[in-house]
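# Structural features, examined
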There are 2 protein chains.
Amino acid sequence: MRDTDRLKLENQLCFPIYACSREIIKAYHPYLQKLNLTYTQYIVMMVLWDRSSIGVKELGELLYLDSGTLTPLLKKMEAKGYLQRARSAVDERCVLVSLTEAGRLLQQEAVDVPKCMGCKVALNESEAAALYGLLYKVLAHLQEEK
Amino acid sequence: MRDTDRLKLENQLCFPIYACSREIIKAYHPYLQKLNLTYTQYIVMMVLWDRSSIGVKELGELLYLDSGTLTPLLKKMEAKGYLQRARSAVDERCVLVSLTEAGRLLQQEAVDVPKCMGCKVALNESEAAALYGLLYKVLAHLQEEK
DNA sequence: GCTAAATACATTGTATGCAATTTAATTGTG
DNA sequence: CACAATTAAATTGCATACAATGTATTTAGC
């Protein structure tokens, strides 16, 4: 392939990843709007529904987000009443995020979201597994490079 | 799988797509910075290197971006001198974007970017093709739903 | 040819996302 | 213990994204 051909959109792997990400997030919008959540807030809630409580640093590592994104995001979610933020007594540098009762109750309203979204993605189980595996391979390699 | 298990991050397909998209774009940063381009500006340039000239509407369809994103983006790129914007004489509603000489010259500085990025992605040819195919299948299905 | 509907952009407001820097707290070392 | 280096968040500044709305232009239907 010629070098200039590599610069075409149709020969790029990143572009469909980028486009797919945004299109899926757009498709989430009607469901998440009912829960008063954005997509980023939704994935924070997923962690908290699983863990109840987590430090900002570890949350950032799980979600690949830094404090510049998380700090204002978590403050907004605290204002909505879904979580609480508190400095650790052991290490005052760390902030611990924990699920509130209102946040816990929200999980029940969210249980149908994955099923609704699963239909929109149009992949069967083996395709989904293949896609999942390839994406995590890319993610893992990008981390190593750092 | 239990409904609440589907709400876990590790059972989500969207999350690795979203994370991968952002991590790859981050990896582009050092290369694109040298060209004075952001990732979004880079994919606009890729279209223009291929087409020289395109309407905003078609550009938005290619990139899955709307005028709310494109209008300010294209104005910034015009200010940098990489492209020109002009109302169509035939249909005053339409804006035509065209590559300038400076924009054309930029392509030569960008030829190495895809190769540099290819290394970072860590997939062989067949894996890349599989990932590509799966992503476009998802994208196509999401468009049908609309 | 008049006007309602459609179209193409532009604008507004809100929410990320991230690089770069700053601040406060803790740790490692001599 | 003093203090330089490290670490965890917070802050700042800039650049998207996108829903919702507004505006100018064109098209369709009569």
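Everything that follows concerns the structure shown earlier in this document.
Below is a summary of the structure that appears in this document. (Residues numbered from 1 in each chain as written. Chains lettered and ligands numbered in written order. Predicted model: local features only at pLDDT ≥ 70, side-chain atom pairs only at ≥ 80, totals over all residues. Heavy atoms only, no water.)

### Observations concerning the overall build of chain A
Let me state the cut-off plainly: Each helix is a run of H or I in the DSSP string that is no shorter than four residues. Each strand is a run of E no shorter than two, and both are numbered from the N terminus. Relative accessibility thresholds used throughout: buried, under 20% of the residue-type maximum; exposed, over 50%; partly exposed, between the two (1.4 Å probe, protein chains only). The convention is simple: Lys and Arg are positive, Asp and Glu are negative, and His and the chain ends are not counted. Where a charge sits is defined by one atom per residue type, namely NZ (Lys), CZ (Arg), CG (Asp) or CD (Glu).
Scanning chain A for helices and strands turns up eight helices and three strands. Per-residue burial over chain A gives 48% buried out of 146 residues. A gap of 5 Å separates the mean positions of the 19 positive and 18 negative side-chain charges of chain A.

### Thoughts on the sheet that holds strand β3 (residues 95-99) of chain B
Residues and elements named next belong to chain B. Rule in force here: At least two DSSP bridges between two strands are needed for those strands to be called paired. For helices, the fitted axis covers only the stretch in contact; all axes are lines through C-alpha atoms, and the angles between them, taken along N-to-C directions, range from 0 to 180 degrees. Should any heavy atoms of two residues lie within 4.5 Å, those residues are counted as being in contact.
Spatially, the three strands line up as an open sheet ordered β1-β3-β2, and their pairing is antiparallel. With partners counted over all chains shown, the strands left at the sheet margins are β1 (53-55) and β2 (83-87), one partner each. Ignoring strand direction, the axes of neighbouring strands in this sheet form an average angle of 20 degrees. Across five bridges, β2 lies against β3 in antiparallel orientation. By the bridge assignment, Gln84 is partnered in β3 with Ser98. Relative to β1, helix α4 (residues 56-63) is tilted by about 90 degrees, and along the sheet it contacts β1 and β3. Each of β2 and β3 is contacted by helix α5 (residues 67-80), which is oriented at about 125 degrees to β2, the strand it contacts most.

### Here's the deal with the protein's contact with DNA strand C
For clarity, the threshold we go by: Residue proximity to a molecule or strand is established when one non-hydrogen atom of the residue lies within 4 Å of it. Identification of polar contacts relies on pairs of N or O atoms within 3.5 Å, with a donor-acceptor requirement for protein atoms, meaning one able to donate a hydrogen and the other able to accept it, and with residues adjacent in sequence counted only if both atoms are side-chain atoms.
In the vicinity of DNA strand C lie 29 residues, with Thr38(A), Thr40(A), Gln41(A), Tyr18(B) and Thr71(B) positioned nearest. In DNA strand C, atoms within 4 Å of the protein come from the sugar-phosphate backbone in 79% of cases. Between a base nitrogen of DNA strand C and a main-chain N or O atom of Gly68(A), the distance comes to 3.5 Å. Between DNA strand C and Lys57(B) there is a distance of 2.8 Å, counted from a phosphate oxygen to a backbone nitrogen or oxygen. Secondary-structure elements contributing two or more residues to the surface near DNA strand C are α3 (39-51) and α5 (67-80) of chain A together with α2 (14-34), α4, α5 and β2 of chain B.

### Details of the relation of the copies chain A and chain B
Stated formally: For this overlay, a least-squares fit was computed on C-alpha atoms, restricted to residues scoring pLDDT of at least 70 in both copies.
For the pair chain A and chain B, the superposition axis carries a translation of 0.0 Å, the fit reaches an RMSD of 0.0 Å, and the rotation angle comes to 180 degrees. Expressed as an axis order, the relation between the two copies is that of a two-fold axis. Here 100% of the contact residues of chain A are again contact residues in chain B; the copies associate through an equivalent surface.

### Details of the interface of chain A and chain B
Condition: Accessible-area loss on putting two parts together, using a 1.4 Å probe and summing over both, is the definition of buried area adopted here. Take a side-chain nitrogen of Lys or Arg and a carboxyl oxygen of Asp or Glu: if they are within 4 Å of each other, that pair is a salt bridge. Gly counts as polar in this scheme, as do all residues outside two lists: the nonpolar Ala, Val, Leu, Ile, Met, Phe, Trp, Tyr, Cys and Pro, and the charged Asp, Glu, Lys and Arg.
On the chain B side, the residues contacting the 62 residues of chain A number 62 residues. Here chain A packs against chain B, burying approximately 6300 Å² in sum over the two surfaces, 71% of which is carbon and sulfur. Three residues stand out in chain A for area buried against chain B, namely Leu7(A), Leu13(A) and Tyr18(A), and they jointly supply 11% of the buried area on that side. Summed over the shared surface of chain A and chain B, the result is six salt bridges. Lys8(B) serves as the salt-bridge partner of Asp50(A), at 3.6 Å between the closest nitrogen and oxygen. Looking at the side of chain A that touches chain B, the elements that each hand over two or more residues are α1 (3-6), α2 (14-34), α3, α4 (56-63), α6 (101-110), α7 (113-121) and α8 (125-144) of chain A. Broken down by element, the side of chain A that touches chain B gets its largest block of residues, 15 residues, from α2(A). For the side of chain A that touches chain B, a count of residues per class yields 41 nonpolar, seven polar and 14 charged.

### Some remarks on unusual backbone geometry
Of note, Asn36(A) is a non-glycine position whose phi angle comes to about 60 degrees, a positive value. With respect to the helices and strands, the residue Asn36(A) is situated in the loop between α2 and α3. Looking at Asn36(A), the relative accessible area reads 42%, which means it is partly exposed. Located in the positive-phi region is Ser52(B), a residue other than glycine, with phi close to 70 degrees. The residue Ser52(B) is located in the loop between α3 (39-51) and β1 in this model.

### A few points about the sheet that holds strand β3 (residues 95-99) of chain A
All names here are of chain A. Spatial ordering of the open sheet is given by β1-β3-β2, a layout of three strands whose pairing is antiparallel. Pairing within the sheet leaves two strands with one partner each, and these edge strands are β1 (53-55) and β2 (83-87). The average undirected angle you get between the axes of adjacent strands in this sheet is 20 degrees. Bridge analysis of β1 against β3 gives three bridges, and the strand direction is antiparallel. Paired with Ser53 across the strands is Ser98, a residue of β3. Its contacts with the sheet place α5 against β2 and β3, and it is angled at close to 125 degrees to β2.

That is the geometry; function is a separate question.
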